[in-house]
Each structure stands twice: as C-alpha cells, then as structure tokens.
Amino acid sequence: MVHCFLIHTICPINVLGAGESRVLYSRVFGPDENTLDGDLGPEERRLLQKEKLLVVARQVRSAVALSREASGQVVVETVPGEEGVALMEADSGVLRLRAGDPFSGERSALWLGIQSLGFTLVCEPHENLLLAEGTLRNLARHCLEHLHMLASGSEVLLKSDRIDVLLSRLLPHGQLLFLNHRFVQSLEKEVTAYMAK
Amino acid sequence: MYSHGSESLIKQAREIQEPELQKFYSRIAKLLQGREYGHETIDSLQRLYLILSATKYTRMLPSELQKRLLSLLLSSSVEQLQVLCSAVLRETLPPSGQELNFNQDTSSLLSSHAAVLLLSQTGSRGDLSCLSAQLLRSLEGRPSEGPAHSLTHTLPIINTILTHSPECLTEDHVTLLSKKLVDWLRYASIQQGGGASSGGFFTGPRSRQPGPIAELDGTVSGDFFTVLCVGQGFTEDQWMNVYSFSMLRHWLLTYNSTSGGHTTGDTASRLQLSLSLSHSHSHSYDDRSEVDGSVVSMVSATSSSSRLLPPKERLREKAFQYCQRLIEQSDRKAQKRTDTELQKACLVEAVCILDSVCVEDASLVYRAFPCVKALYGRLSSDLSFARVLLPIAQFYLNHGEMAAVDCECVWKLVFGRFPAELFNDHFLAHELLQFLRQNLGNLQLRVPQYISSFPNLLKFLAWDSPAVVDDFVDLLPSLVTAGTAVELLHSLLDLPCLSATLVLQLRSMYFPISEPGGRGLLSLEAFRSPSYRGLFLFLLRGEAGSGNCCDTIARLNKLHELLAEAVDWARVVQCAQTVPVLLHVYFNTVITVADEKLLAQLILVLLERSSLLFNIPKYIKEIHRVFSCHLLRLCKLRPSLVVDQSHELLEFAGTTANVFSKEDVFTHVVWVLGEYLSVSSDSRCSVELITSCFESLEAVLFEVTSSAPPPGEAHAAPRVITSLMSALAKLASRSHDLIPRVSLFLSKLRTVTRGGSVPWCSNEEDIAAVVTRGEELWSLLKVPSVAQIVLTPPPHVTTPQWHRDTNAAMPLQLRALTSLTQSH
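Since the structure is predicted, the reported quantities are computational estimates derived from the model, not experimental observations. (Residues numbered from 1 in each chain as written. Chains lettered and ligands numbered in written order. Predicted model: local features only at pLDDT ≥ 70, side-chain atom pairs only at ≥ 80, totals over all residues. Heavy atoms only, no water.)

Asker: When you look at the overall build of chain A in this model, what are you seeing that I'm missing?
Answerer: Within chain A, the secondary structure is distributed over seven helices and five strands. Here the C-alpha radius of gyration of chain A, 17 Å, is about what a compact globule of 197 residues would show, namely 16 Å. Taken along its principal axes, the extent of the C-alpha atoms in chain A is 50 × 40 × 30 Å. Out of the 197 residues in chain A, the part that is buried amounts to 63%. (Helix = DSSP H or I, 4+ residues; strand = E, 2+ residues; numbered from the N terminus. Rg over C-alpha atoms; globule rule 2.2 N^0.38 Å. Buried < 20%, exposed > 50% of the residue type's maximum accessible area, 1.4 Å probe, protein only.)

Now the structure itself:
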C-alpha cells in the first residue's frame with residue numbers, strides 16, 4: 001500500500017528557511033495511523049499528520065539537493081509542451097525512512113524531481129518498487145500535462161480535484177495496480193473526460 | 001514551475017480573516033442550496049479546499065454547511081462535486097457528536113470518494129469492522145446494475161483496512177473473500193469485454209463480436225486471464241482480476257502468518273468438512289469452478305485437483321498457478337515499452353508470492369523451484385533484470401537448503417557483479433541493502449560471501465553516501481569480524497578515494513578516448529595509465545583478503561597525489577562526511593569482537609593512518625577527532641595495551657612535528673602514555689621504560705616551548721603543552737628520580753613567561769593557563785608520596801566497590817539499617 005502522495009517544492013524558497021519545503025498537494029491514504037493507537041484529539045491528529053508530511057517533504061528535498069549536487073546536474077527549465085523531455089530528464093531516487101522518523105513503522109519514500117517540484121510516494125518497505133516507480137512516473141506525467149505545471153500558473157493549488165480523480169483511478173485508496181497498456185488507456189480515457197470539464 | 005503566484009495564494013489562504021471567512025462560508029452555503037451547480041460553485045469549493053488545506057491548524061465549518069456538503073457527497077451523481085466535497089470534508093472535522101456513520105446506508109453502494117472520507121475520519125477499529133462488513137455484503141450479492149467500476153474500489157478499501165487492522169475481518173469474511181479471489185484470479189472471462197465504451201461510428205454487427213483475449217506480443221491467449229493479457233475492452237471480472245492480483249501478496253502475507261499455524265490433523269478434519277460442504281454449495285452462484293471444463297489450460301492441467309482444499313489453501317494453490325503463468329508470459333516480447341516494464345514488475349511480484357506461499361506450505365517448494373531456477377537461468381546474464389534477480393535470491397536463501405540446490409552462482413551475482421557494475425543504480429542499491437538488512441541473520445550463518453565481499457558492498461556507499469549511509473550504519477556491525485577488522489578499517493578510511501575512483505571508472509567508460517587539450521583530467525590520465533593500474537585495481541577489488549594490503553598502504557601517498565583534483569568533487573566530499581559516523585560504528589563494534597592482539601594492531605593502524613589521509617578540507621581533522629576518542633576508549637578498556645605498544649606510541653609522541661600536524665591525536669597519545677604507563681596497568685612496565693618515555697616527552701616539550709612554531713603552522717594549543725606537562729608529572733610520580741627534572745623545568749617556565757610574551761604562544765590567557773597548571777604540578781610534586789596517589793591513583797580508588805568493599809560498605813549498611821528502623 002502506498003501511504004501517501006505528495007507534491008512539494010525542492011528548490012530554495014525566499015520566505016522559507018534553507019532546506020524547507022512547501023507542500024503543494026498531499027494525500028494520505030487510509031485511516032490515520034495515529035488514530036488507531038494513540039489517544040490524541042482529532043485536531044491534534046490532523047496537526048501531527050501534517051507535520052509528518054512536512055518532515056518527509058524536507059527529507060526528500062535534501063536528498064534531491066544532495067543527489068543533484070553529486071551528479072553535477074544542471075537543472076534546465078523546460079517550457080510547457082515539453083512534458084516528455086522534462087520527465088526524461090527528471091532525477092529519481094528512493095529514501096529510507098526509519099521507523100519513528102517520522103512514521104511509526106519503516107517506510108520507503110520514492111521521489112521524482114522535476115525541476116523545482118518533487119513528486120513523492122511513501123510506500124511500505126515490502127512494496128513492489130518497480131511498480132511504484134512506474135506508477136509515480138505516470139502520475140507525474142498526468143499532473144504535468146493536466147495541471148500545466150511547467151508554466152508558472154497555480155493550477156496545482158486551485159485544481160487539486162483533478163489530482164484527486166487521477167489518484168482515484170491510478171492509485172485507488174493507495175493500491176498500486178498492475179495495469180498493462182490497455183487498462184491504462186481505459187482509465188486515462190476516464191481521466192481525460194473528467195479533465196475536459 | 002513554482003511561482004510567486006502560488007506562494008501568494010498560499011499566504012492569502014492562510015491569512016484570511018475570520019469575518020471574511022464567515023462571509024465566504026455563507027456564500028457557498030447559498031450557492032449549494034440550488035439544484036444546478038455552475039462554475040462559480042465549483043470555483044468556490046476549490047477555493048474553500050485551498051483555504052482549509054493550506055494551514056496545518058484545523059478550521060471548523062459551520063455545521064449547516066458541513067451537513068450540506070456531506071449530503072451532496074452521498075447523493076450527487078456529478079463526480080466533480082463528490083470529489084470536491086470529499087476533499088473539503090477531509091480537511092476539516094465533523095462537529096463533535098456527529099461523527100460519520102454510514103451504517104444505515106446499506107441500500108446504496110458507497111462511492112469511492114465517500115469511502116475515502118470515511119476511511120480518513122474513522123475513529124476506531126470498530127468503525128473499520130463495520131465498514132468492512134458492509135463492503136463484503138455488497139460483494140456477496142448479485143452484480144450490481146450500477147456503473148462498471150462500482151465494485152472495483154472495494155478491494156483497495158479492504159486492502160487498506162487490512163494494512164491498518166487485519167483483525168477487522170472475521171473468519172467468515174476471510175473465507176468469503178478467499179473464494180471470491182479464487183474466482184476472479186483463476187476463472188475470469190477469457191473473451192474480450194464488449195466494446196461498450198468505444199461506441200460511436202464503428203459499432204457494426206461485426207465489431208460487436210468480442211474475440212478472445214491476447215498476450216502482450218499479439219498472439220491469442222491459450223490460458224486463463226491475467227494482468228498480462230490484453231483486449232479491446234474488459235469485462236468486470238477481468239477488472240477484478242487486476243485488482244485481486246494487485247492485493248494478492250499483501251492478502252497472503254496477512255492471513256497466512258496470522259492463521260495460527262494449522263497442524264496436519266487440522267487440515268484433515270477441514271478437508272472432511274469442506275467435502276460435505278462442497279456438495280451443498282455445488283449449485284451456488286459464487287462457485288464457478290464447476291464451469292471451467294472448456295478451457296485448455298497449460299498451467300492448470302499440470303496441477304492436482306484443488307477443489308477439495310479449504311478456501312485458504314485453495315487460494316494459495318491458485319495464486320501459485322497464477323504466478324507460474326505470469327513467469328511464462330514474461331518471456332514474451334511485449335509490443336509496448338510500458339508493458340515490458342510491467343512484465344518486470346510482475347516477475348518481481350510473482351517470485352515474491354511464490355516465496356511466501358512456499359514459506360507457508362513447504363511441499364510447494366518442489367514444484368516452485370524448477371520454475372524459479374529456469375527463470376534465474378533466463379535472466380542471470382542480463383544486468384537490466386538485476387532488480388528481478390533480488391527476489392529470486394531471496395527465494396534461494398529461504399528455500400535453497402530444503403531443495404538442496406547449490407546457490408553459489410546466485411551469491412556470486414549478488415555480491416560480485418551487482419555492486420561492482422551497478423553501484424550507481426539508486427534503486428538496486430536500496431533494494432539490495434534492504435535485502436541484506438532483512439536477512440542479516442541468515443546471511444551471516446549461511447553465506448560466507450557476504451562478509452568477504454565488503455569491499456564491493458562499500459561501493460554503494462562510496463557512490464551515493466547520503467542515500468545509503470543509514471543502511472550501512474545498520475549493516476556495518478555485521479561486517480566487523482576478527483578476520484576482516486583491519487582491512488575494513490583501511491577501506492573505511494579510503495572511502496573518499498574509492499568514491500573518486502568510481503567516478504573516474506564511469507567517466508573512463510563514457511569517454512573512452514582521452515580528450516586532447518586542457519580539459520582532460522589529470523586523475524583520469526592516471527587512472528588509465530598502466531603504471532598506476534595496480535593501485536586503482538586494489539581499491540576496486542571485490543573481495544577481502546585479496547591483494548596486498550600493506551603494499552598499497554605504502555603507496556597511499558602517491559594515490560592521494562594522483563587524486564588531488566578530486567578533493568572538491570561533490571560526490572567525494574559527501575562521502576567524506578559520512579566516514580566519521582561509520583568509524584564510530586566500527587569502533588563500537590570492534591571492541592566486542594577483538595582480542596588483545598587485534599586491538600594492538602588497530603592502535604598501530606590508527607597511528608599510521610593519521611598521517612595517511614586524503615586531503616579533503618576538514619576530513620583529516622574529523623578523522624583525527626574520531627581516532628583520539630577511540631584511542632582513549634581502547635586504552636581505558638585494556639590499559640596493558642599502552643605498555644605493549646609503548647615503542648610505537650613513544651615514536652609517535654617523540655616526533656615534534658606531530659604536535660602541529662596531528663594535534664588531537666598527539667594530545668591523546670601523550671595523555672594515554674602518562675596515564676597508563678605504570679606498573680599497576682601492566683607488570684611488565686619497568687623503570688627504564690618510564691625513564692625513556694619521560695625523556696622523549698621532555699625533549700618534545702623543550703622544543704615546543706623554546707621556539708616559535710615551524711613556518712606555516714599555527715601555535716601549539718595550550719592543551720598540548722599542559723598535557724605534556726601532566727604526563728611528565730605522572731611519570732615522575734612513579735619514578736621519583738625524575739621529579740627534580742620536572743620541577744626544574746616547571747620553575748624555569750614560570751620565570752620565562754613572567755617576562756611577558758613568548759615565541760610559542762601569542763594569547764595571554766593561554767599562557768596564564770599553562771603557567772597555572774605548571775604551578776599546580778610543581779607544588780604537587782614537592783610532596784612525592786601525595787603526588788603518587790593523586791597522579792597515579794591505585795585501582796581501588798578509580799573503581800570504587802561500594803557495598804562490595806568491607807571498609808566502604810560499613811557506613812552504607814549502617815545508614816540503610818537506620819533509615820529502615822526509623823521509617824517505622
């Protein structure tokens with residue numbers, strides 16, 4: 001199961017401190033892990049969950065920064081219309097999140113860094129990472145295309161329902177799916193129909 | 001991509017004032033009163049979502065608005081509204097006392113988006129149990145007349161519930177779902193789905209005929225439907241086949257390990273029961289396995305009849321067959337690239353499922369092994385399938401012994417080729433290290449190649465330190481054994497060099513021809529030149545114990561020279577930053593496995609390597625700090641080591657140059673000599689030894705305090721000087737003939753510094769500190785017997801015995817008795 005999906009910044013932001021990351025979209029699948037065991041109030045639970053996601057975003061941000069620094073890669077801005085190129089040049093990696101840091105069990109954070117934004121999937125450690133990688137790339141491609149993320153608009157903030165629908169088809173309730181190209185086509189048709197509205 | 005516009009939107013959303021917000025709430029409430037919902041409504045809902053989600057503090061909605069949104073979520077047929085209502089409600093909390101309760105709503109199926117909300121706000125395990133019961137009821141009934149995907153989200157929801165609390169599903173539920181899974185996995189339709197979704201111009205009578213499903217390479221499929229089968233459209237049960245397989249592994253892992261270990265006696269009685277039950281169920285709608293006569297099935301023809309097995313075991317059998325079929329299907333050449341990637345993912349999943357099924361039922365190993373072995377044979381020479389070979393290695397590790405199969409070749413691949421050739425594959429590194437971590441016990445016992453291949457494994461660390469250092473902190477202790485300790489220490493210290501070498505190796509591969517002109521790297525030239533080949537090859541070796549360690553240590557200076565331009569490569573710097581951490585882990589572990597001889601060797605390595613380190617800024621200082629810390633610990637643990645290695649330690653301490661180039665280590669060596677070079681630490685310590693040590697240290701102290709530091713070096717820190725003085729005083733307290741010499745020096749020092757500035761120290765405070773310490777020692781040494789007790793305390797003072805010592809115990813006992821009697 002995928003625990004959560006995040007879209008967050010991986011570039012420096014003036015108003016934030018160094019190393020901080022702004023979470024633009026977050027979606028946690030399933031019941032809150034804090035609910036079933038702890039005895040916090042619902043507001044505190046929500047706060048705790050948001051804080052944990054922020055921790056993940058920060059860790060991924062620093063992982064991306066270190067990876068880019070080590071490979072000496074220069075981040076090239078691409079223009080809308082070049083989503084395929086942007087995706088091909090994206091760097092990707094996987095980060096181990098130890099038990100307790102920040103989730104109660106061990107997790108793996110799979111990330112895809114496209115210029116100044118990162119797409120992160122947090123999975124269980126025994127997850128099929130090959131499948132998760134493919135799913136993440138697919139999700140990122142759709143987000144780039146349908147939300148025009150290569151432009152400087154803010155659709156990722158104002159049209160988050162599109163991401164919700166995308167997730168409900170390609171990653172329903174956090175379930176990674178073994179979809180061959182025909183199944184994907186069928187789901188993508190539904191997604192495109194939704195986006196057209 | 002991320003613009004000021006987005007930043008200011010978030011800021012606005014967070015800083016919206018309460019009155020404005022309330023106005024916004026009432027406007028939305030009004031908009032939602034009507035029947036029609038236009039762009040304005042959608043837009044407002046989206047902005048509401050942004051306002052609620054932009055801040056981590058919860059905002060509460062007015063309860064009327066909340067109720068309206070909830071009813072819209074449940075009743076609306078417009079998906080966009082459902083999505084938005086679900087998203088908004090997820091970001092806020094229901095007013096207390098009105099927690100979501102869907103129990104009464106059994107007539108209509110819960111939409112996926114409503115279920116999302118329910119799951120996210122579920123308060124307890126009881127709620128989850130209710131939800132799961134409701135979902136399973138909906139599965140039990142006849143196929144609904146609703147839209148095609150109405151049932152498909154059921155399985156992902158159940159899987160989510162399983163992840164969080166498997167006990168929410170009762171035994172009956174598990175049985176029911178096992179049966180359903182068997183039907184969907186094994187008996188899904190093998191005709192293509194009707195082209196219902198692709199209506200329009202081209203629906204004529206001919207195109208309405210659905211044909212059989214096909215394989216990924218275009219040929220017509222000859223066996224049951226799997227995720228690797230394609231068709232123009234898909235039927236509902238084919239969709240359920242996909243969803244079932246997607247959750248199969250998790251299902252098997254959850255319910256097999258919690259099944260409570262059935263014994264064979266149990267199985268027999270359950271067989272009896274299921275026999276009698278199967279008669280009565282033979283006409284039930286659910287059990288379609290009766291109908292599968294016509295399919296010519298490759299896989300299922302070879303398996304025994306499984307109809308008599310209880311549901312869980314039957315599911316296991318069908319899962320087994322499904323995985324075997326997937327493995328066969330993955331050999332076909334897919335027409336699309338994404339399908340090739342899917343085939344790899346399916347192989348990984350299939351092997352993992354086979355592994356867990358065999359763990360549960362060992363009798364399946366004999367059927368599974370030929371299949372897995374054949375797969376291994378097919379893939380072992382192709383490094384692009386490396387990530388598929390890891391689950392195969394896991395299978396061999398778990399079941400190889402039982403099947404009496406030789407696993408040598410697998411380990412050669414995993415510990416040999418993978419790290420050597422694929423060190424720069426992030427995902428492989430992560431998965432391989434995870435495999436090592438999860439099977440550590442087993443590997444240490446049964447796979448000797450694991451420990452001896454540490455030079456290869458370290459390549460992952462040298463290449464991508466930040467990503468894998470965590471894993472190595474966990475793995476390193478297992479690699480530290482008496483046989484590998486010294487070589488491992490050298491390898492850890494040489495990690496930055498390895499990092500630079502790996503960069504050069506890759507560059508050498510990508511640019512086989514040297515670039516003419518200035519842009520060529522000197523280090524790359526050196527890497528390619530035959531005269532230094534040996535050095536680099538030693539660093540790149542795959543196994544411990546090969547090659548001559550000492551030989552290379554002697555040429556390390558040359559290596560550092562050749563790699564000089566690599567000191568500011570980002571990768572090398574990142575690697576250097578992780579070395580101190582790992583050294584701490586190393587030393588903490590090595591003291592538990594090393595005997596006295598090995599510890600002595602390690603001290604020598606410390607002393608030798610402190611001057612043979614790659615010259616990355618701050619690296620040398622950090623390593624010296626680690627060395628000092630652990631030198632101290634080692635000597636504290638085994639004080640006799642100091643006397644044992646006194647010759648080498650003295651050589652180190654007697655070299656004045658070390659005061660300036662290795663200050664940290666020097667200070668600690670001097671301290672250790674002063675503290676432990678005594679008869680109480682080791683009876684072999686003679687007066688001659690103490691005297692010769694004294695003389696060496698005295699000479700250094702004279703030199704340092706009589707002239708300015710050599711050109712290019714900073715002043716010696718006062719700590720060095722005071723530690724030298726203290727060491728001399730300690731040694732003198734053990735051999736009283738030396739006391740006059742020390743006292744003379746200390747009084748001379750006082751006289752000289754009274755004159756004002758001195759060439760060996762520029763700071764007045766520092767001079768004052770040195771002089772104060774000198775005076776303390778001088779006064780102490782005036783009374784030799786006191787000096788001896790203070791500077792060389794007998795062991796019973798440094799290791800107090802408390803209640804074990806009759807002298808110290810008496811007052812303690814009396815006090816305890818008194819307080820006991822007084823408490824009544």
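Asker: For this particular structure, what's the right way to read the overall build of chain B?
Answerer: Counting secondary structure elements, chain B contains 42 helices and two strands. Every one of the 824 residues in chain B was classed for burial, and the buried ones make up 52%. For chain B, restricting intrachain contacts to residue pairs at least 6 apart in sequence, the fraction spanning at least 24 positions comes to 75%. Taken as a whole, chain B presents about 38000 Å² of accessible surface, with 56% of it coming from carbon and sulfur. (Contact = heavy atoms within 4.5 Å. Areas by Shrake-Rupley, 256 points an atom, 1.4 Å probe, with all protein chains shown as cover.)

Asker: I tried to follow the packing of helix H3 (residues 39-53) of chain B against helix H5 (residues 79-90) of chain B on my own but got confused; where do I start?
Answerer: In a pair of packed helices, the angle between the axes and the distance between the axes together describe the arrangement. Residues and elements named next belong to chain B. Close contact between H3 and H5 brings their axes to 9 Å; oriented N to C, the two are set at 25 degrees. Classed by the angle they form, the pair H3 and H5 counts as roughly parallel. Crossing handedness for the pair H3 and H5: left-handed. Contacts from Ile42, Leu45, Gln46, Leu48, Tyr49 and Leu52 in H3 reach Gln80, Leu81, Leu84, Ala87 and Val88 in H5. (Axes fitted to C-alpha atoms, helices over the stretch in contact; angles between N-to-C directions. Parallel < 35°, antiparallel > 145°, perpendicular 65-115°, else oblique. Left-handed = near helix turned anticlockwise from the far one by under 90°.)

Asker: What exactly am I supposed to notice about the interface of chain A and chain B here?
Answerer: Many analyses report the size of an interface as the accessible area lost when the parts associate. Chain A puts 78 residues into the contact, and the matching count from chain B is 88 residues. Carbon and sulfur atoms make up 58% of the area that chain A and chain B hide from each other, which totals about 7500 Å². Interface area lost by chain A to chain B is led by Arg46, His173 and Phe178 of chain A, which between them contribute 11%. Our enumeration of links across chain A and chain B arrives at twelve salt bridges. Of the charged contacts, one joins arginine 169 of chain A and glutamate 79 of chain B as a salt bridge, the two residues approaching to 3.1 Å between their closest N and O atoms. (Buried area = accessible area lost by both parts, 1.4 Å probe. Salt bridge = Lys/Arg side-chain N within 4 Å of Asp/Glu carboxyl O.)

Asker: Before we go on, may I ask you to explain helix H29 (residues 570-593) of chain B in this structure?
Answerer: Each full turn of the α-helix corresponds to 3.6 residues, which orients residues three or four apart in the same direction. With 24 residues, H29 of chain B extends 35 Å from end C-alpha to end C-alpha; this agrees with the ideal 34 Å at 1.5 Å per step. Along its length, H29 of chain B reaches its greatest deviation from straightness, about 25 degrees, at valine 579 of chain B, and the proline proline 580 of chain B lies no more than four positions downstream. (Expected span 1.5 Å × (residues − 1). Bend = angle between axes of the 7 residues up to and from the residue.)

Asker: Looking at this model, I keep getting lost on the nonpolar core. Mind explaining?
Answerer: Where a protein is soluble and globular, its nonpolar side chains tend to be buried together. In terms of nonpolar packing, the biggest core is built from 316 residues, with Phe5 of chain A together with Trp251, Trp411, Phe418 and Tyr586 of chain B touching the most fellow members. Among the elements that make up this core, the one with the highest residue count is helix H14 (residues 337-360) of chain B (twelve residues). When residues no more than four places from it in sequence are discounted, the contact partners of tryptophan 251 of chain B are Leu162, Leu169, Val174, Leu177, Ser178, Leu181, Asn256 and Leu315 of chain B. The next biggest cluster of nonpolar side chains, apart from the first, holds 15 residues, and it includes Leu6, Val64, Leu95 and Val122 of chain A. (Core = buried A, V, L, I, M, F, W, Y, C linked by side-chain atoms within 4.5 Å.)

Asker: Explain the pattern of salt bridges to me, please; I cannot follow it from the model alone.
Answerer: Side chains bearing opposite charge may pair, as long as their charged atoms lie close to each other. Residues and elements named next belong to chain B. On inspection of all chains with the given rule, the structure shows 44 salt bridges over all chains. As a salt-bridge pair, aspartate 331 and arginine 378 come within 3.2 Å of each other at their nearest N and O atoms. Highlighted residues: aspartate 331 in the loop between helix H13 (311-329) and H14 and arginine 378 in helix H15 (residues 365-379), separated in sequence by 47 residues.

Asker: How should the sheet that holds strand E4 (residues 107-114) of chain A be read in this particular structure?
Answerer: Taken in spatial order, the five strands of this open sheet run E2-E1-E5-E4-E3 (chain A), and their pairing is antiparallel. At either margin of the open sheet sits one strand with a lone partner, and together these are strand E2 (23-28) and strand E3 (91-97) of chain A. Strand-to-strand twist across the sheet, computed as the mean angle between neighbouring axes with direction ignored, equals 15 degrees. Helix H18 (residues 426-438) of chain B contacts E3 and E4 of chain A of the sheet and is inclined by roughly 20 degrees relative to E3 of chain A. (Pairing = 2+ DSSP bridges.)

Asker: Quick question: what am I supposed to make of the side chain of serine 453 of chain B here?
Answerer: Note on placement: serine 453 of chain B falls in the loop between helix H20 (449-452) and helix H21 (454-463). Non-local contacts of serine 453 of chain B, meaning those with residues more than four positions away in its chain, are made with Phe415 and Gly542 of chain B.

Asker: It is not clear to me how a nonpolar patch on the surface should be interpreted in this structure. Could you clarify?
Answerer: Residues and elements named next belong to chain B. Taken together, Met509, Tyr510 and Phe511 make up a surface patch of nonpolar side chains, about 380 Å² in accessible area. Within the secondary structure layout, phenylalanine 511 lies in the loop between helix H24 (495-510) and helix H25 (522-528). Residue phenylalanine 511 is classed as partly exposed on the basis of its relative accessible area of 44%. (Patch = residues over 30% accessible without salt bridge, like charges linked within 9 Å, V, L, I, M, F, W, Y side chains within 5 Å.)

Asker: What exactly am I supposed to notice about the side chain of glutamine 238 of chain B here?
Answerer: Summarising the element assignment, glutamine 238 of chain B is placed in helix H10 (residues 236-257). Separated by 3.0 Å, the side chain of glutamine 238 of chain B and the backbone nitrogen of threonine 235 of chain B make a polar contact. Those residues in contact with glutamine 238 of chain B that lie beyond four places of it in its chain are Phe183 of chain A together with Ala188, Ser189, Ile190, Gln191, Gly193, Ile213, Phe225 and Gly233 of chain B. (Polar contact = N/O pair within 3.5 Å; in protein donor to acceptor, adjacent residues only side chain to side chain.)

Asker: Explain the state of the cysteines to me, please; I cannot follow it from the model alone.
Answerer: Put plainly, two cysteines are in a disulfide when a covalent bond ties their sulfur atoms together. Enumeration according to the criterion identifies zero disulfides over all chains in this entry. With no disulfide of its own, cysteine 4 of chain A lies closest to cysteine 123 of chain A among cysteine sulfurs, the gap being 8.9 Å. A relative accessible area of 0% means that cysteine 4 of chain A is categorised as buried. For cysteine 346 of chain B, which is in no disulfide, the shortest distance to another cysteine sulfur is to cysteine 323 of chain B and amounts to 9.5 Å. (Disulfide = S-S within 2.5 Å.)

Asker: Can you walk me through unusual backbone geometry in this structure?
Answerer: When glycine is set aside, most residues are seen to have a negative phi, and most peptide bonds are trans. Residues and elements named next belong to chain A. Here the bond from aspartate 101 into proline 102 is cis, since omega is -5 degrees, no more than 30 degrees from zero. The residue proline 102 is located in the loop between E3 and E4 in this model. A positive phi angle is found at glutamine 115, which is not glycine, with a value near 55 degrees. Turning to its location among the elements, glutamine 115 is positioned in the loop between E4 and strand E5 (117-123). A relative accessible area of 7% means that glutamine 115 is categorised as buried. Within the chain, histidine 173 stands out as a residue other than glycine whose phi angle is a positive 50 degrees. Within the secondary structure, histidine 173 sits in the loop between helix H6 (160-170) and helix H7 (181-195). On the basis of relative accessibility, which here comes to 5%, the residue histidine 173 falls in the buried class.

Asker: I would appreciate a short explanation of the packing of aromatic side chains in the present structure.
Answerer: The geometry of an aromatic ring pair is captured by the separation of the ring centres together with the interplanar angle, meaning the angle of the planes. According to the stated counting rule, one finds 22 aromatic pairs over all chains in the structure shown. Through a chain of ring-to-ring contacts, three or more aromatic side chains come together here, namely Phe183 of chain A together with Phe225, Phe234, Trp239 and Tyr243 of chain B. Between the NZ or CZ atom of arginine 533 of chain B and the centre of the ring of phenylalanine 527 of chain B, over which it lies, the distance is 5.1 Å. The positively charged end of arginine 541 of chain B is found above the aromatic ring belonging to phenylalanine 538 of chain B, 4.2 Å away from the centroid. (Phe/Tyr/Trp six-rings, centres within 6.5 Å; stacked < 30°, edge-to-face > 60°. Lys NZ or Arg CZ within 6 Å of the ring centre and 35° of its normal.)

Asker: Please explain the environment of arginine 22 of chain A as it appears in this structure.
Answerer: Examined against the element boundaries, arginine 22 of chain A turns out to sit in the loop between strand E1 (2-9) and E2. On the accessibility criterion, arginine 22 of chain A (9% relative accessible area) is buried. Between the alpha carbons of arginine 22 of chain A and aspartate 39 of chain A there is a distance of 29 Å; along the sequence they are 17 residues apart. Among all residues touching arginine 22 of chain A, those that are not within four sequence positions of it are Ile7, His8, Thr9, Ile13, Val15 and Leu16 of chain A together with Tyr2, Glu7, Ile10 and Arg14 of chain B. Side chain to side chain, arginine 22 of chain A and glutamate 7 of chain B meet in a polar contact 2.3 Å long.

Asker: Please explain the environment of tyrosine 450 of chain B as it appears in this structure.
Answerer: All names here are of chain B. Mapped onto the elements, tyrosine 450 comes out in helix H20. Look at tyrosine 450 and you get buried, because its relative accessible area is 0%. Sequence separation of tyrosine 450 and lysine 412 is 38 residues, and the distance between their C-alpha atoms is 9.7 Å. Apart from the residues lying within four places of it in its own chain, the contact partners of tyrosine 450 are Phe415, Leu436, Leu440, Leu443, Gln444, Leu457, Leu475, Ser478 and Leu479. Side-chain polar atoms of tyrosine 450 contact the side chain of serine 478, separated by 2.7 Å.

Asker: I would appreciate a short explanation of the pairing of E2 of chain A in the present structure.
Answerer: Side-chain positions along a regular strand alternate between the two faces of the sheet. Residues and elements named next belong to chain A. For E2, a buried count of five out of six residues is recorded, marking the element as mostly surrounded by other parts of the structure. Sheet topology note: the E1/E2 ladder contains five bridges and is antiparallel. The partner of leucine 6 across the bridge, within E2, is serine 26.

Asker: Mind showing me how you'd approach the packing of H14 of chain B against H15 of chain B here?
Answerer: All names here are of chain B. Closest axis-to-axis distance for the H14/H15 pair is 10 Å, and the angle between their directions is 150 degrees. Here H14 is positioned roughly antiparallel relative to H15, judged by the angle of their axes. Pair H14 / H15 crosses with left-handed handedness. Contacts between H14 and H15 pair Leu347, Val351, Leu354 and Cys358 from the former with Val365, Ala368, Val372, Leu375 and Leu379 from the latter. Residue classes in the contact of H14 with H15 are distributed as nine nonpolar, no polar and no charged. (Nonpolar A, V, L, I, M, F, W, Y, C, P; charged D, E, K, R; others polar.)

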